[in-house]
Amino acid sequence: MHNPFENAMTQLDKVVKIKNFNPEFIARLRQPNRDIRISIPVKMDDGSIKVFEGYRVEYNNALGPYKGGIRYHQDTEINEVKALAFWMAIKCAVAGIPMGGGKGGITVDPTKLSKGELERLSRGWVSRLSDILGPHKDVPAPDVNTTPEIMDWMADEYEKITGDKTRATFTGKPVGKGGSEGRGPATGLGGFYVFDSLRAQMNLPEKCKVVIQGFGNVGSNAAEIFAQHGHTVIAVSESKGAIYDENGLDIKKLIEYKKENKTINDFPNSRNITNEELLALKCDVLVPAAFENVLTDKNADKVQASVILELANGPVTPEAEEIILKKNIPIIPDVLANSGGVTVSYFEWDQNLKGENWTEKEVNEKLQPLMHQAAQAIYKKAKENNTSLRVGAFILALERIESKM
Ligand code: NAD
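Residues numbered from 1 in each chain as written. Predicted model: local features only at pLDDT ≥ 70, side-chain atom pairs only at ≥ 80, totals over all residues. Heavy atoms only, no water.

Draft legend 1. Here's a closer look at helix α5 (residues 148-162). Taking 1.5 Å per residue, 15 residues should reach 21 Å; α5 reaches 21 Å between its end C-alpha atoms and fits that length. Buried residues of α5: Ile150, Met151, Asp152, Trp153, Met154, Ala155, Glu157, Tyr158 and Glu159, and no others. Where α5 is buried, its residues contact β3 (66-73), α4 (115-129) and β5 (138-142). (Helix = DSSP H or I, 4+ residues; strand = E, 2+ residues; numbered from the N terminus. Expected span 1.5 Å × (residues − 1). Buried < 20%, exposed > 50% of the residue type's maximum accessible area, 1.4 Å probe, protein only. Contact = heavy atoms within 4.5 Å.)

Draft legend 2. Broad picture of the site of the ligand. What surrounds the ligand is a group of 23 residues, the closest being Arg71, Thr187, Val218, Ser239 and Asn313. Contacts to the ligand include Ser239, whose backbone N or O atom sits 2.9 Å from an oxygen atom. Relative to its free-state accessible area of 830 Å², the ligand is covered by the protein chains to the extent of 83%. Mapped onto the shell around the ligand, the elements with two or more residues apiece are α7 (217-228) and β7 (232-238). Looking at side-chain class alone, the shell around the ligand contains eight nonpolar, 11 polar and four charged residues. (Near = heavy atom within 4 Å. Polar contact = N/O pair within 3.5 Å; in protein donor to acceptor, adjacent residues only side chain to side chain. Areas by Shrake-Rupley, 256 points an atom, 1.4 Å probe, with all protein chains shown as cover. Nonpolar A, V, L, I, M, F, W, Y, C, P; charged D, E, K, R; others polar.)

Draft legend 3. Structural view of empty space enclosed by the protein. Per the counting criterion, the structure on display carries two cavities of 30 Å³ or more. Roughly 40 Å³ of volume is contained in the largest cavity. Around the largest cavity sit Gln11, Lys14, Val15, Glu321, Ser388, Arg390, Val391 and Phe394, which together line it. Elements with a minimum of two residues in the lining of the largest cavity: α1 (4-18) and α14 (389-404). Among the residues forming the lining of the largest cavity, the class breakdown is three nonpolar, two polar and three charged. Estimates place the volume of the second largest cavity at around 30 Å³. Along its surface, the second largest cavity is lined by Ala155, Tyr158, Glu159, Asp164, Arg167, Ala168, Thr169 and Phe170. (1 Å grid on protein atoms, 1.4 Å probe; cavity = no way out; pocket = protein on both sides within 12 Å on 5 of 7 lines; lining within 4 Å. Points joined across faces, edges and corners; volume = space filled by probe spheres on them.)

Draft legend 4. The packing of helix α12 (residues 339-354) against helix α13 (residues 360-384), seen in detail. As a packed pair, α12 and α13 sit with axes 10 Å apart at the nearest point and diverge in direction by 135°. As the angle between them shows, α12 and α13 are arranged oblique. At the point where α12 passes α13, the crossing takes the right-handed sense. Across from Ser339, Gly340, Thr343, Val344, Phe347 and Gln351 in α12, the residues of α13 making contact are Val363, Lys366, Leu367, Leu370 and Met371. (Axes fitted to C-alpha atoms, helices over the stretch in contact; angles between N-to-C directions. Parallel < 35°, antiparallel > 145°, perpendicular 65-115°, else oblique. Left-handed = near helix turned anticlockwise from the far one by under 90°.)

Draft legend 5. Quick peek at the packing of α4 against α5. At their nearest, the axes of α4 and α5 sit 9 Å apart, and the two run at 45° to each other. As summarised for this structure, α4 and α5 are arranged oblique, according to the angle between their axes. Judged by the sense of rotation from one axis to the other, the crossing of α4 with α5 is right-handed. When α4 is examined against α5, the residues Lys115, Leu118, Glu119, Ser122, Arg123, Trp125, Val126 and Ser127 are found in contact with a partner set consisting of Glu149, Ile150, Trp153, Met154, Asp156, Glu157, Tyr158, Lys160 and Ile161.

Draft legend 6. Expanded view of the sheet that holds strand β1 (residues 34-43). The strand order across the open sheet formed by five strands is β1-β2-β4-β3-β5, and the pairing between neighbours is mixed. One side of each edge strand has no neighbouring strand; the edge strands of this open sheet are β1 and β5. Here the average twist between neighbouring strands, direction ignored, is 25°. Two strands pair when backbone bridges link them, and β3 and β5 are joined in this way by five bridges, in the parallel orientation. Paired with Lys67 across the two strands is Val139, which belongs to β5. Sitting on the sheet, helix α3 (residues 78-95) is in contact with β1, β2 (49-60), β3 and β4 (100-107), with an inclination near 155° to β4. (Pairing = 2+ DSSP bridges.)

Draft legend 7. Region of interest: the pattern of salt bridges. A complete count under the given rule lists 32 salt bridges for this structure. In this structure, the salt-bridge partner of Glu321 is Arg390, at a minimum N-O distance of 2.9 Å. A residue pair is termed long-range when its members are at least 10 positions apart, and Glu321 in helix α10 (residues 318-326) and Arg390 in helix α14 qualify at 69 residues. The exposure class of Glu321 is buried, given its relative accessible area of 3%. Three or more residues joined by partner-sharing salt bridges are found here, namely Arg71, Glu80, Lys103, Asp143 and Glu292. (Salt bridge = Lys/Arg side-chain N within 4 Å of Asp/Glu carboxyl O.)

Draft legend 8. Looking closely at the packing of aromatic side chains. All chains considered together, the criterion is met by 12 aromatic pairs. Note on Phe21 and Phe25: the rings are 6.2 Å apart at their centroids and 50° apart in plane angle, and the pair reads as tilted. Summarising the burial analysis for this pair, Phe21 and Phe25 share the class buried. Centre to centre, the rings of Phe347 and Trp358 are 5.6 Å apart; their planes meet at 55°, and the pair counts as tilted. You can see Phe347 sitting in helix α12 and its partner Trp358 sitting in the loop between α12 and α13, a full 11 residues away along the chain. For the residue pair Phe347 and Trp358, the accessibility class agrees, reading buried in each case. Site record: aromatic cluster; members linked through ring pairs are Phe5, Tyr59, Phe86 and Phe394. Seen from the ring of Phe5, Lys82 lies directly overhead, with NZ or CZ sitting 4.5 Å from the centre. Here the guanidinium or amino end of Lys366 rests over the ring plane of Trp358, the centre of that ring lying 4.4 Å away. (Phe/Tyr/Trp six-rings, centres within 6.5 Å; stacked < 30°, edge-to-face > 60°. Lys NZ or Arg CZ within 6 Å of the ring centre and 35° of its normal.)

In structure tokens form, the structure reads like this:
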């Protein structure tokens, strides 16, 4: 099992080999400012009390309040949360937004809880942590398995405890309850803007064949957006399997199909394949949009894509990255590719504090130039330092964080 935090620190090691940073600054970045573990007792529907383990890691706030999602997953543990918090610090700096890096989570399989149990668990996470949260201190958001409804319960609990009515302590809330228009598709859309900005520099054709792993919030939105822009999505997957059609899947119909059938398997005119087969398909762009550590030293040499666009966090291990880069396949790194999500979260926070409501068009018009600027700044940094886009992104982010510290 790969330890995601060790992976993150291996990435940092690689950067300091290429660019000289003050060693004291780097030493500070090797640990979060604080990591907090909590126990959350929840009254279950049968009257018993069950205790869950939860986390909040506040990694670095040089650029602004800690910002980062909350993950509900049975495998979530402190090293994963620390890695994700570190990447958030890098990501906010890359996107050029005034936010620091944080992340939270609960070790839980949310599919095993009733709605009431899930709500009590979510409110419990907030009540344990309300002292450290706040619009100018620490601003959580959704991540894997946490929804706008959960953010609404959390914002409500925070308001009850503190009296703060701005709703700016949580982002990713439902529209109409303090949420921003455009937050749902923001990560997929931001990823598309980054891809579009770099497409010609990556020598990709105008119309690309795209393969997407993961068909949740990020993956399904990305699939829809790529298809809307005339690219051909030839395969997608979810945890229960993958589907493939070399002529292109009809993504609108697939989204409807998944809503009805709760699975993408057996989608008409497509062929069921395995997730491993999906990662090895020949295509222009491979988009991991599910989980970390999906491309490892065991399967990296099978990749046949021209470019990898990392919409998931940490999908490529450091060993896999070496193999993939040696095959001359560029990786557009997570800290850039999926930064559209946190950028629109920042827009939501900004609107809450100003009492404004922007339209989806306004949100997207603000997002596109930020993604383009970040993509081009990183491309330039990577070229100047004769290195990968990931190292280029880290150099840019570390320079911005260091100058504030
Ligand atoms: P989600 O829970 O909505 O979707 C996850 C998807 O991955 C589901 O379709 C699930 O079936 C699929 N999946 C799970 N295990 C899989 C496996 N072994 N093989 C293939 N597919 C598998 O989560 P999400 O919000 O879409 O997040 C996906 C990734 O994007 C995560 O790494 C998350 O940290 C990252 N991310 C999300 C956001 C956001 O705004 N939601 C922002 C930045 C980064």
